[in-house]
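# Coordinates in review
The residues making up each chain are set out below.
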Amino acid sequence: MDVSEEILIQGGAADGLLLAEGDQFRITNLEGSQVVDLWAFVQPDIAEYLSTEHTRSCLQKLVPGVGDTLYTNQRRPVLTMVEDTSPGVHDMLLSACDERRYELLGHDGYHKNCADNLRHITGENGHTLEDVPSPFNIFERVDLDEKGALSIQPPLAKAGDFITLRADLPILVVLSACPMDMALTNGPDMQPKPVLVQRLA
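These figures come from a predicted structure and were not determined experimentally.

## Here we look at the packing of aromatic side chains
Applying the stated rule across the entire model yields 1 aromatic pair. Look at Phe41 and Tyr49: their rings are 6.3 Å apart centre to centre, the planes differ by 55 degrees, and that puts the pair in the tilted class. A residue is classified by how much of its surface remains accessible, and Tyr49, at 25% relative accessible area, is partly exposed. The residue whose ring lies beneath Arg26 is Phe162, and the NZ or CZ to ring-centre distance is 4.3 Å.

The structure is reproduced here in structure tokens:
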């Protein structure tokens, strides 16, 4: 497929895409190890949105793979995974980072965060967001041990790895190149990195 639009999202920043049903877009990990928080809101309203908890229930699995569909809070198909050149390790358990998360990690003062990135992009698109849904954390690695304990580990995605998704409804997709620099979320160097988003035609 051809590329009709490209958006470079710097580490810690966010952007959005308005997509029609059937549109496809690709997220490329330019330097490797960068997590991308993804949300999708059905248009023209935002009351219906991608729900990780409903997706887990519908798929009966913790991590979607190629060919799997993600679902809304109304249990309607909203996104389908078309391609994934990464090892396929993504997360649908953790919430988006927010200001309080960094305070609990010991940061003093304001810190960029995915929750505020989401509010900013939805606001630019004319929406007021009261609650922050849990995102689909693309490329994030969260290990689960035999006792049920979770641990954030460096992503397995390498430079050039990408994931392609198809919109199954008209949606606003919001993508945040996670600003986390106090945990292993974005790799051993704990530095946010840029990602490339391409609309495919």
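We are not done yet, so read on.
## What to know about the sheet that holds strand β2 (residues 14-19)
For sheets, the rule is that strands pair by backbone hydrogen bonds, running either parallel or antiparallel. Reading across the sheet, the 4 strands line up as β2-β11-β4-β7 and stay open at both edges, with antiparallel pairing between neighbours. Each edge of the open sheet is held by one strand with a lone partner, namely β2 and β7 (136-138). Strand-to-strand, the axes of this sheet are offset by a mean angle of 25 degrees, without reference to chain direction. Strand direction decides the pairing type here: strand β4 (residues 36-42) and β7, joined by 3 bridges, are antiparallel. Bridge assignment links Val36 to a residue of β7, and that residue is Ile138.

## Observations concerning the side chain of Glu48
Looking at where Glu48 falls in the secondary structure, it is placed in the loop between β4 and α1 (52-59). Within the structure, the side chain of Glu48 is placed 2.7 Å from the side chain of Thr72, a separation counted as a polar contact. Glu48 has contacts with Phe41, Val42, Thr72, Asn73, Gln74, Arg76 and Leu169, leaving out every residue within four places of it along the chain.

## Some remarks on the sheet that holds strand β5 (residues 69-71)
The 6 strands lie next to each other as β1-β12-β3-β10-β6-β5, forming an open sheet whose pairing is antiparallel. Strand pairing shows two members of the sheet lacking a second neighbour, β1 (3-9) and β5, which therefore form its edges. Within this sheet the neighbouring strands show an average axis-to-axis angle of 25 degrees, counted without direction. Alignment of β5 against strand β6 (residues 77-84), held across 3 bridges, turns out to be antiparallel. What sits directly across from Thr69, in β6, is Thr80.

## Side note on α1
Thr52, Thr55 and Leu59 are the residues of α1 that are buried. For α1, the buried positions fall inside an angular range of 55 degrees around the axis, keeping them on one side. Each element contacted by the buried residues of α1 is listed here: β5 and β7. At the C-terminal side of α1, Gln60 shows a positive phi close to 55 degrees.

## Things to note about the environment of Gly65
Inspection of the secondary structure assignment puts Gly65 in the loop between α1 and β5. A C-alpha to C-alpha distance of 8.8 Å links Gly65 and Val82, two positions 17 residues apart in sequence.

Thresholds, definitions, all that
- Residues numbered from 1 in each chain as written.
- Predicted model: local features only at pLDDT ≥ 70, side-chain atom pairs only at ≥ 80, totals over all residues.
- Heavy atoms only, no water.
- Phe/Tyr/Trp six-rings, centres within 6.5 Å; stacked < 30°, edge-to-face > 60°.
- Buried < 20%, exposed > 50% of the residue type's maximum accessible area, 1.4 Å probe, protein only.
- Lys NZ or Arg CZ within 6 Å of the ring centre and 35° of its normal.
- Pairing = 2+ DSSP bridges.
- Helix = DSSP H or I, 4+ residues; strand = E, 2+ residues; numbered from the N terminus.
- Axes fitted to C-alpha atoms, helices over the stretch in contact; angles between N-to-C directions.
- Polar contact = N/O pair within 3.5 Å; in protein donor to acceptor, adjacent residues only side chain to side chain.
- Contact = heavy atoms within 4.5 Å.
- Arc of directions from axis to C-beta.

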